[in-house]
Amino acid sequence: MSMFRLVVRSVVEEADGVRGLLLTDPAGGDLPPWEPGAHLEVTLPSGAIRHYSLCGDPADRSTYRLGVLRERAGRGGSEEVHTRVGGGTVLGARGPFNRFPLVPADRYLFVAGGIGITPLLPMVHALPPGSWSLLYGGRSLAAMAYREELSALPGVTLVPQDTAGLLDLDAAFSGLPAGTAVYCCGPEGLLRAVRDRWSGPLHTERFGSAPAPRPGETAGSASDGSEGFEGPEGFEVELRRSGRTVHVAPGRTLLDAVREAVPGVAYSCEEGWCGTCETKVLAGTPEHHDSVLGEDERASGTTMMICVGRSRGTRLVLDL
Ligand code: FES
């Protein structure tokens, strides 16, 4: 998909630490269509590439709305948005892409943690009132973006941690009808807590820093050991199309090793959530650490996110 340009029409402080961007086509034309759950790949003026959920109205083809949390300990993209992007800034964009689509269901439960509210916002706007409920937790009310827009809707429970504590997931999931589609977006801890309580249809997207495992920490997390574990020496990766084999040492990511042999390999978030680095596995058993693939895709072992994934055995063969 080719890159296009967007201009920042305005900047809105949506909450403490959350900056909203309204983006338009520089020539005033219609923007590519999208559906709730979609995200946009944005190239910032520094050249950094980041992915942000679209959180505006899909029917408004003239404007994209993004909400960006300032993460001071992040990799610099959110700092750039908060300090160097303003009205008139031109950004590059690709997409929109949708790896988090709204599936048909009789009833929905949405669970948002912090900035994880952004992909869920257009979803709740798209659904008839009474068919869904939303639990939205944040650090404090002032830090919860879109709280006013949401509190006008029936079915929304806002839970600021400083005054109301953590989301009461036990109460939310007790007695939930089996066919309910559950959507959860937030940090890994929240996703895990929801997974622990719900075995029905679950759609997740992770936001915030965390889960990418540190290279070399992964051996113990392989579950069945059927092909052994990545040993203390790391593992070998054959890049079949390039005719190269690279070694992935325990302290190194698979993506890093691959980039040495294939400098143009596509990647973006390096945290296992954007899907850009998805690669076909031709042989060996991948060990997944991403939040992109579904259970069936993981179990099939035919594809993986090489930015965070590793090998369960001593050798992998990739279609690169
Ligand atoms: Fe985003 Fe790998 S680069 S999932």
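Up top is the structure these notes are about.
Notes on the structure follow. Going along each chain's sequence as written, the residues are numbered from 1 onward. At least 70 in pLDDT is required for a residue's local features to be given in this predicted model, at least 80 for side-chain atom pairs to be given and counted, and no such filter applies to totals for whole chains, interfaces and linings, which use all residues. The side-chain figures draw on all heavy atoms in the structure; neither hydrogens nor water molecules are used.

So, about unusual backbone geometry. A cis geometry characterises the amide bond from glycine 95 onward to proline 96, with omega recorded as -5 degrees. One non-glycine residue, tyrosine 146, adopts positive backbone phi at about 65 degrees. Elements are defined by DSSP. Helices are runs of H or I of four residues or more, strands are runs of E of two residues or more, and each kind is numbered from the N terminus. Looking at the element boundaries, tyrosine 146 is found in the loop between strand E8 (132-138) and helix H3 (147-151). Three exposure classes are used, based on accessible area relative to the maximum for each residue type with a 1.4 Å probe and protein chains only: buried under 20%, partly exposed in between, and exposed over 50%. Among the residues examined, tyrosine 146 registers a relative accessible area of 3% and is labelled buried.

Take the sheet that holds strand E5 (residues 64-69) next. Backbone-to-backbone hydrogen bonds pair the strands of a sheet. The strands run either parallel or antiparallel. Whether two strands pair depends on DSSP finding at least two bridges between them. The antiparallel open sheet is built from six strands, whose spatial order is E4-E3-E6-E1-E2-E5. Of all strands in the sheet, those with a lone pairing partner are strand E4 (49-53) and E5, marking the two edges. Taking the axes of each pair of neighbouring strands and ignoring which way they run, one obtains an average angle of 40 degrees across the sheet. Interaxial angles span 0 to 180 degrees and are taken between N-to-C directions of axes, which are lines fitted to C-alpha atoms, for helices over the stretch in contact.

On to the sheet that holds strand E18 (residues 315-318). Reading across the sheet, the five strands line up as E13-E12-E18-E14-E16 and stay open at both edges, with mixed pairing between neighbours. Each edge of the sheet is formed by a strand with only one pairing partner; in this case those strands are strand E13 (244-248) and strand E16 (303-305). Averaged over neighbouring strand pairs, the angle between their axes works out to 40 degrees when direction is ignored. Two residues qualify as a contact provided that any one of their heavy atoms is within 4.5 Å of a heavy atom in the partner residue. With respect to the sheet, helix H7 (residues 254-261) is in contact with strand E12 (235-239), E13, E16 and E18, its orientation differing from that of E13 by roughly 150 degrees.

Moving on to H7. Along H7, the residues classified as buried are Leu254, Leu255, Ala257, Val258 and Ala261. Taken down its axis, H7 places every buried residue within 160 degrees of arc, on the same side. Contact partners of the buried residues in H7: E12, E13, E16, strand E17 (310-311) and E18. Directions drawn from the helix axis to the C-beta atoms are what define this arc.

Turning our attention to the environment of phenylalanine 110. Following the sequence through the fold, phenylalanine 110 ends up in strand E7 (residues 108-113). Sequence separation of phenylalanine 110 and leucine 134 is 24 residues, and the distance between their C-alpha atoms is 4.6 Å. Excluding anything up to four places from it in sequence, phenylalanine 110 contacts Leu102, Leu120, Met123, Val124, Leu127, Trp132, Ser133, Leu134, Leu135 and Tyr183.

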